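# Notes for the structure review
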Protein chains: 2
Amino acid sequence: MRVLFAAPSKGWDNWAPHLRAACPEMELLQDGEPGSFDALIYAPGYPESGEPLDFTPFTRARLVQSLWAGVERIVGNPTLTQPLCRMVDPGLQAGMVEYCLGWTMRAHLGMDGYAQDGVWRNPIVPPLAPERRVTVLGTGALGGAVARALKAMGFDVAGWSASGRAVEGMEVLPGADLHAALARAEILVSLLPDTPGTRDLLDAGTLALLPSGATIINPGRGTLIVEDDLLAALDRGQVGMAVLDVFRTEPLPPEHPFWAHPRVVVTPHIAADTRPSTAAPIVAENLRRAMDGRPLLHLVDRARGY
Amino acid sequence: MRVLFAAPSKGWDNWAPHLRAACPEMELLQDGEPGSFDALIYAPGYPESGEPLDFTPFTRARLVQSLWAGVERIVGNPTLTQPLCRMVDPGLQAGMVEYCLGWTMRAHLGMDGYAQDGVWRNPIVPPLAPERRVTVLGTGALGGAVARALKAMGFDVAGWSASGRAVEGMEVLPGADLHAALARAEILVSLLPDTPGTRDLLDAGTLALLPSGATIINPGRGTLIVEDDLLAALDRGQVGMAVLDVFRTEPLPPEHPFWAHPRVVVTPHIAADTRPSTAAPIVAENLRRAMDGRPLLHLVDRARGY
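A brief report on the enclosed structure follows.

### Here's the deal with the overall build of chain A
When helices and strands are counted, chain A shows eight helices and twelve strands. Counting only C-alpha atoms, chain A reaches 65 × 50 × 35 Å along its principal axes. Burial statistics for chain A: of 306 residues in total, 54% are counted as buried. At a minimum sequence separation of 6, the contacts of chain A that also span at least 24 residues come to 65%. Of the roughly 12,600 Å² that chain A leaves accessible, carbon and sulfur atoms contribute 54%.

### With respect to empty space enclosed by the protein
Applying the stated criterion across every chain yields a total of five cavities of 30 Å³ or more. Taken as a whole, the largest cavity spans an internal volume of roughly 90 Å³. Contributing to the lining of the largest cavity are Leu109, Met111, Tyr114, Val125 and Pro126 of chain A together with Gly95, Tyr99, Trp103, Ile270, Ala271, Asp273 and Arg275 of chain B. When grouped by side-chain class, the residues that make up the lining of the largest cavity number nine nonpolar, one polar and two charged.

### Comments concerning the relation of the copies chain B and chain A
Superposition record for chain B on chain A: RMSD 0.1 Å, screw rotation 179 degrees, translation along axis 0.0 Å. Such a combination of turn and shift is consistent with a two-fold rotation axis. No C-alpha of chain B lies nearer the rotation axis than that of Gly102 of chain B, which sits 3.1 Å from it. Mapped onto chain A, 100% of the interface residues of chain B are again interface residues, and the two copies thus contact each other with one and the same surface.

### Regarding the state of the cysteines
Considering all chains together, one arrives at zero disulfides over all chains under this definition. Lacking any disulfide linkage, Cys85 of chain B is separated from the closest cysteine sulfur, that of Cys23 of chain B, by 14 Å.

### A few points about the sheet that holds strand β5 (residues 84–85) of chain B
Residue and element names in this part refer to chain B. Ordered in space as β2-β1-β3-β4-β5, the five strands form an open sheet in which the pairing is parallel. Each having just a single partner strand, β2 (27–29) and β5 make up the two edges of the open sheet. Of the strand pairs in this sheet, strand β1 (residues 2–6) and β2 are connected by three bridges, and their pairing is parallel. Looking at β2, one finds that Arg2 is bridged to Glu27. Packed onto the sheet, helix α1 (residues 12–22) meets β1, β2 and β3 (39–42) and runs at close to 175 degrees relative to β2.

### Quick notes on the packing of helix α2 (residues 91–108) of chain A against helix α3 (residues 141–152) of chain A
All names here are of chain A. Contact pair α2 / α3: the axes reach a minimum separation of 9 Å and the direction vectors enclose 45 degrees. The orientation of α2 with respect to α3, classified from their angle, is oblique. The handedness of the crossing between α2 and α3 is right-handed. Contact residues: α2 offers Leu92, Gln93, Met96, Val97, Cys100, Leu101 and Thr104, while α3 offers Ala141, Leu142, Ala145, Val146, Ala149 and Leu150. Across the contact of α2 with α3, the residue classes break down as eleven nonpolar, two polar and no charged.

### Describing the interface of chain B and chain A
Each partner contributes residues to the interface: chain B has 56 residues there, and chain A has 56 residues. Buried surface at the junction of chain B and chain A, summed over both partners, amounts to about 4,300 Å²; 64% is from carbon and sulfur atoms. Joining chain B to chain A, the criterion identifies zero salt bridges. Taken together, the links from chain B to chain A amount to ten residue pairs in polar contact (both at pLDDT 80 or more). Secondary structure elements with two or more residues in the side of chain B that touches chain A: α1, α2 (91–108), β12 (264–266) and α8 (276–292) of chain B. Sort the elements by how many residues they give to the side of chain B that touches chain A and α2 of chain B lands first, with eleven residues. Within the side of chain B that touches chain A, the residues separate by chemical class into 32 nonpolar, 15 polar and nine charged.

### Some thoughts on the packing of α2 of chain A against α2 of chain B
Close contact between α2 of chain A and α2 of chain B brings their axes to 9 Å; oriented N to C, the two are set at 125 degrees. Classified by the interaxial angle, the pair formed by α2 of chain A and α2 of chain B is oblique. Our pair here, α2 of chain A against α2 of chain B, has a crossing hand that is left-handed. Here α2 of chain A contributes Glu98, Leu101, Gly102, Met105, Arg106 and His108 of chain A to the contact with α2 of chain B, which in turn contributes Glu98, Leu101, Gly102, Met105, Arg106 and His108 of chain B. Looking at the contact of α2 of chain A with α2 of chain B residue by residue, the class counts come to four nonpolar, four polar and four charged.

### Considering helix α6 (residues 227–235) of chain A
Residue and element names in this part refer to chain A. Taken residue by residue, α6 has Glu227, Leu230, Leu231, Ala233 and Leu234 as its buried positions. For α6, the buried positions fall inside an angular range of 165 degrees around the axis, keeping them on one side. Exposed and oriented more than 90 degrees from the buried face of α6 are Asp228 and Asp235. As for α6, its buried residues are in contact with α5 (204–207), β10 (214–218), β11 (239–244), α7 (257–260) and β12 (264–266). Following α6 by one or two positions, Gly237 has its phi on the positive side, about 85 degrees.

### Examining the pattern of salt bridges
Residues and elements named next belong to chain A. Here the structure, examined in full by the defined rule, presents 27 salt bridges over all chains. Notably, a salt bridge pairs Asp112 with Arg106, separated by 2.8 Å at the nearest N-O pair. Given the relative accessible area of 44%, Asp112 is considered partly exposed. Take Arg106: its relative accessible area is 8%, and that puts it in the buried class. A salt bridge links Asp156 to Arg184; the nearest nitrogen and oxygen atoms lie 3.0 Å apart. In this pair, Asp156 is assigned in strand β7 (residues 156–161) and Arg184 in the loop between α4 (178–183) and β9 (187–190), connecting sequence segments 28 residues apart. Of the residues examined, Asp156 reaches a relative accessible area of 31% and is grouped as partly exposed.

### As for α2 of chain B
Residue and element names in this part refer to chain B. Helix length check: α2, at 18 residues, gives a terminal C-alpha distance of 25 Å against a target of 26 Å (1.5 Å per residue), a fit within 8%. The element α2 is extensively covered by neighbouring structure, given that 16 of its 18 residues are classed as buried. Directly after α2, the chain includes Gly110, whose backbone phi takes a positive value near 65 degrees.

How each quantity is defined
- Residues numbered from 1 in each chain as written.
- Chains lettered and ligands numbered in written order.
- Predicted model: local features only at pLDDT ≥ 70, side-chain atom pairs only at ≥ 80, totals over all residues.
- Heavy atoms only, no water.
- Helix = DSSP H or I, 4+ residues; strand = E, 2+ residues; numbered from the N terminus.
- Buried < 20%, exposed > 50% of the residue type's maximum accessible area, 1.4 Å probe, protein only.
- Contact = heavy atoms within 4.5 Å.
- Areas by Shrake-Rupley, 256 points an atom, 1.4 Å probe, with all protein chains shown as cover.
- 1 Å grid on protein atoms, 1.4 Å probe; cavity = no way out; pocket = protein on both sides within 12 Å on 5 of 7 lines; lining within 4 Å.
- Points joined across faces, edges and corners; volume = space filled by probe spheres on them.
- Nonpolar A, V, L, I, M, F, W, Y, C, P; charged D, E, K, R; others polar.
- Least-squares fit on C-alpha atoms with pLDDT ≥ 70 in both.
- Disulfide = S-S within 2.5 Å.
- Pairing = 2+ DSSP bridges.
- Axes fitted to C-alpha atoms, helices over the stretch in contact; angles between N-to-C directions.
- Parallel < 35°, antiparallel > 145°, perpendicular 65-115°, else oblique.
- Left-handed = near helix turned anticlockwise from the far one by under 90°.
- Buried area = accessible area lost by both parts, 1.4 Å probe.
- Salt bridge = Lys/Arg side-chain N within 4 Å of Asp/Glu carboxyl O.
- Polar contact = N/O pair within 3.5 Å; in protein donor to acceptor, adjacent residues only side chain to side chain.
- Arc of directions from axis to C-beta.
- Expected span 1.5 Å × (residues − 1).

Worth remembering: the numbers are spatial, not functional.
Next up, the structure:
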């Protein structure tokens, strides 16, 4: 079975070893005659010209396996008639937890206060984790896992959930208590989805509720934050650092002020990226199913769009 | 009871609130007539002129409470005749664990690969923690606690101990297996003490055993590392990042090449700093003992030097 790796944005070097280990019987290639491939492993950004991929010449393909969980940028392609499967990666949640723990620790320890300028400064000793108040906005599957992991590291964690969804072992403030949830948040981590209720939730008024110098970590959805209000809050020190993985426009345009702000860290939508180690076996299983003509996993229903 | 806070390097603003909360009955001051004080809370660096403190005029002082665990820079002061107590801070181990977790996460997640230069790069997706091999050199009280915490976060941890001291739930390689301990160490954390056996342990020969691009985190002792050999290993990419908290000469001189190296992070001997929140109650207890004439805790034996 000849398989085209049509996902250069995911990195051939990252993926090829894991895919080859998971399905050594497949012939995995980075390019070739479209009509010769039995399946595609796909992510938007192929071809690299930016043109939408023309799936028409892939006449033999029995599977287009997305490496993205969300396929909204794929289903609309009118040339796509082959079966499309979305990625459901068990490593995604673990990766999200690690991202949130890592950046929370960076803020907690004040790592960005150590200028490498030759001056041996008297240390500002950070409080220990139990003295550090962290609020996690959103207590769904991802937010709950992040909140539990932060609590296990010793932080003083509270959740906030519009629906009041509980997390074992900690206080979860209900929707009406947003002010209290923000007022305690020396470090604020948001895993909120994009809904009418969460859109523009962090604006000038709510940002002003945070403790002075608070850190915001947002690997949830870019629509949460009114960007100009965040920049103003950063400039007056109300917000001390913002670690942003998601944006209203992605890729974040090169001229966007977030890039140049000394107290903003931009990461390129990586917090919940698909992990080769955990996703490769999922891809391999679907390739085998396609080869054998068995039912595919996570087949996208074009009518519903997911 | 009048108490002089003679430890400006520790930060008055950090300490005063915790000390006042722990012993509200004491009169805590930053300066005053030496003969008027009943006790000193002390750390080297007072006076700030750099001259050794002349303890002679502190005729009423019944206690000199060090904020440092190590008092080797204090016991040699010939003017010191008052009772000297060293600090035994229960927060020190917790702080060390947090330091090691935080910097390990920073290396693991490749945080330093995100240049804030306006370019939205295809992410290099890091492996998940179980796929990341971390070696902890030294499995004493601190090293064991760090190793267990890293393991609890999911890392693939092994210890190395010259004496073969075990850590529950993980492999601890014995002294003779140093090569194996280093060869697996994508991230190397050292909590080794300064002994004839650990001095210069990381030199050109042993650094060459590390996986290419390894991270070294050293909050143990500065004598572990042959500094020129580390710089050479960094320059050829054998070592990808070094996070150093301890040095052969402290404070690290302004002209030292570590400060200017783009892949070295210098922190000013803070990993195991005394924590005001946990140390203030220890100080308060000793101040009360001094006031009442009861036996002092952690009284230094001048003959032994600790």
